[in-house]
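Take a look at the letters that make up each chain.
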Amino acid sequence: MAEPIILLTEQEIQAKLDQLAAQVLADYGNEEILLVGVLKGSLYVVADLSRRLGPNVKIDFVQVSSYGLEAKSSGIVQIRKDLDTSIEGRHVLVVEDIVDTGATLAHLRELLNTRRPASLKVLALLSKPDARLTEVPIEYVGFEIPNRFVVGYGLDYAERYRNQAFISVLSAEHLS
Ligand code: PRP
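Residues numbered from 1 in each chain as written. Predicted model: local features only at pLDDT ≥ 70, side-chain atom pairs only at ≥ 80, totals over all residues. Heavy atoms only, no water.

Novice: Describe in detail the packing of aromatic side chains, supporting the description with residues and values.
Specialist: Counted under the stated rule, the structure contains two aromatic pairs. Taking 5.8 Å as the distance between ring centres and 40° as the angle between the ring planes, the aromatic pair formed by Tyr44 and Tyr153 counts as tilted. In this pair, Tyr44 sits in helix α2 (residues 43-50) while Tyr153 sits in the loop between β8 (150-151) and β9 (167-169), placing the two residues 109 residues apart along the sequence. According to the relative accessible area criterion, Tyr153 is buried, its value standing at 3%. Between Phe149 and Tyr157 the ring centres are 6.1 Å apart and the planes differ by 85°, which places this aromatic pair in the edge-to-face class. Judged by its relative accessible area of 32%, Tyr157 is partly exposed. Sitting above the plane of the Phe143 ring, Lys16 keeps its charged end 4.9 Å from the centroid. Residue placement shows Lys121 over the ring face of Tyr28; its charged tip is 5.1 Å from the ring centre. (Phe/Tyr/Trp six-rings, centres within 6.5 Å; stacked < 30°, edge-to-face > 60°. Helix = DSSP H or I, 4+ residues; strand = E, 2+ residues; numbered from the N terminus. Buried < 20%, exposed > 50% of the residue type's maximum accessible area, 1.4 Å probe, protein only. Lys NZ or Arg CZ within 6 Å of the ring centre and 35° of its normal.)

Following this line, the structure appears as structure tokens:
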């Protein structure tokens, strides 16, 4: 059976999270941060990042429905699970596994900004600049990757492979 094409090893991912967490801590100082994970893909980033950020962190989640590429590129996204708490006056850091077309993030930024947070920033482990259809700011980017279908570390193919500790390019063996 063919070996998976590994794009990012577990060690590379974890080392990048060390760097990102250090930047976040330096930028926010003693301010309390509300991490807003975008389900489901961000679950490992939220888990591993939050453990590096110390006690001044709270965690909430949103889930956004996607209706396939066409709907995404048209910007039609809906909230399936909203935040549990108010973000008014709080420092919100949205956490994504990947920004692809940018539609999800553009919509989320617009929605969350209407709720008057003290600040709103985004951290994405992966970004695919070549897939972008909607330009959207991302304050903290882990890795810029080519426009390939990748799985692992939260990213799925038909709900599988999220639990790989590494990120690989979807290959024939994943499809079997
Ligand atoms: C993925 C990813 C982002 C979104 C990015 O989620 O986690 O939320 O797509 O794509 P975009 O930039 O083209 O909008 P997905 O809808 O696959 O759901 P999942 O996280 O539950 O797998």
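Still to come is the rest of the account.
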